[in-house]
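Each chain, written out:
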Amino acid sequence: MTGKKLIIAVIFIAFFLLIGVSIGAVINMSDDEMKERSLKTLQDSEGRDNHYAVGLNLLDTESETVINSDEQLNEIIQNNEVTVVNFFASWCEPCKRETPELNEYALETAGSEVQVVGINIDDSAKNRDEFLDTYGVQYPVFELTDEKGMTDEFKISLMPTTFFVDSNGKVVRAYIGEIGPELITNYINYVKERQ
């Protein structure tokens, strides 16, 4: 009987040590390592993006220019290797946090074959304009002619949502939620590799 108790005690101790070591490894993993792993996962997930819009085409989207652009949305898409299309609203807290980084990214990539554009949805003109002024948005921002039709067709229900579109207008990748520069770069590279 004591032999069984000893074996059970050893098994329990080994089990709890294993759990402790696992928890310690997770806690000690740096933020950089976590980001690197998530980016590696992104790179390894070739074409397995499950957003409904992936594969759809944005070129037929009718929009009105709001600020900072004389070009139509379809012209911008066709004239760039990759277009980062960010759907946002002034009331969206993650949109507020990501906009300064999107703005900086757009300025850094100006003159390249990458263009950031914003599409404002579910907003009033007053709130939209205040948002654009507050964050000093420098990239082209559009408002959709048929907002409901497009948000239904492309299944845009959460904000922010960002599409990564090739020069043919095809949505190659989609990201729901707040996005940062490193992830944007990785998604852009993903789109470039597929062209």
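So, here's what we can say about the structure.

Rules behind the numbers
Residues numbered from 1 in each chain as written. Predicted model: local features only at pLDDT ≥ 70, side-chain atom pairs only at ≥ 80, totals over all residues. Heavy atoms only, no water. Axes fitted to C-alpha atoms, helices over the stretch in contact; angles between N-to-C directions. Helix = DSSP H or I, 4+ residues; strand = E, 2+ residues; numbered from the N terminus. Parallel < 35°, antiparallel > 145°, perpendicular 65-115°, else oblique. Left-handed = near helix turned anticlockwise from the far one by under 90°. Contact = heavy atoms within 4.5 Å. Nonpolar A, V, L, I, M, F, W, Y, C, P; charged D, E, K, R; others polar. Disulfide = S-S within 2.5 Å. Buried < 20%, exposed > 50% of the residue type's maximum accessible area, 1.4 Å probe, protein only. Polar contact = N/O pair within 3.5 Å; in protein donor to acceptor, adjacent residues only side chain to side chain. Core = buried A, V, L, I, M, F, W, Y, C linked by side-chain atoms within 4.5 Å. Salt bridge = Lys/Arg side-chain N within 4 Å of Asp/Glu carboxyl O. Expected span 1.5 Å × (residues − 1). Bend = angle between axes of the 7 residues up to and from the residue.

1. Focus: the packing of helix H4 (residues 93-108) against helix H7 (residues 181-193)
Moving on, step 1. Interhelical geometry of H4 versus H7 gives an angle of 50° and a closest axis separation of 10 Å. Classified by the angle their axes make, H4 and H7 are oblique. Taken as a pair, H4 and H7 cross one another with a handedness that is right-handed. Side by side, H4 and H7 meet where Glu 101, Leu 102 and Tyr 105 of the first sit next to Pro 181, Ile 184, Thr 185 and Ile 188 of the second.
Moving on, step 2. Counted by class, the contact of H4 with H7 contains five nonpolar, one polar and one charged residues.

2. Overview of the state of the cysteines
Moving on, step 1. Applying the stated criterion across every chain yields a total of one disulfide.
Moving on, step 2. Each disulfide pairs two cysteine sulfurs, and for Cys 92 the partner residue is Cys 95, the sulfurs being separated by 2.4 Å. Between Cys 92 and Cys 95, the S-S torsion sits near 80°, and that sign places the bridge as right-handed. Here Cys 92 and Cys 95 have matching classes, each one buried.

3. Concerning the environment of Glu 147
Moving on, step 1. Along the chain, the position of Glu 147 falls in helix H6 (residues 147-153).
Moving on, step 2. Under the relative-accessibility criterion, Glu 147 is labelled partly exposed at 27%.
Moving on, step 3. The spatial distance from the C-alpha of Glu 147 to the C-alpha of Ile 119 is 9.8 Å, given a sequence separation of 28 residues.
Moving on, step 4. Polar contacts involving the side chain of Glu 147 include one to the main-chain amide nitrogen of Asp 122, which spans 2.8 Å.

4. A short note on the nonpolar core
Moving on, step 1. Leu 58 and Phe 163 are the most contacted members of the largest nonpolar core, which has 46 residues in total.
Moving on, step 2. When residues in this core are grouped by element, the largest group, six residues, is from H7.

5. Remarks on the pattern of salt bridges
Side chains bearing opposite charge may pair, as long as their charged atoms lie close to each other.
Moving on, step 1. Overall, the coordinates contain seven salt bridges when judged by the stated rule.
Moving on, step 2. Taking the shortest distance from any N to any O, the salt bridge between Glu 178 and Arg 97 comes out at 2.8 Å. Of the two residues, Glu 178 is situated in the loop between strand E6 (171-176) and H7 and Arg 97 in helix H4; the sequence distance between them amounts to 81 residues.
Moving on, step 3. The closest approach of N and O atoms between Glu 143 and Arg 128, which form a salt bridge, is 2.7 Å. Of this pair, Glu 143 sits in strand E4 (residues 141-144) while Arg 128 sits in helix H5 (residues 125-134); the two residues are 15 residues apart in sequence, bridging distant segments of the chain.
Moving on, step 4. For Glu 143, a relative accessible area of 22% gives the class partly exposed.
Moving on, step 5. Its relative accessible area of 9% is what places Arg 128 among the buried residues.
Moving on, step 6. Several salt bridges converge on common partners, so that one network encompasses Arg 128, Asp 129 and Glu 143.

6. Let's talk about H4
Moving on, step 1. The first and last C-alpha atoms of H4 sit 24 Å apart over 16 residues, in line with the 22 Å expected at 1.5 Å per residue.
Moving on, step 2. Residue Thr 99 marks the point of greatest curvature in H4, where the axis turns by about 35°; the proline Pro 100 follows within four residues.
Moving on, step 3. Along H4, the residues that are buried comprise Cys 95, Glu 98, Thr 99, Leu 102, Asn 103, Tyr 105 and Ala 106.

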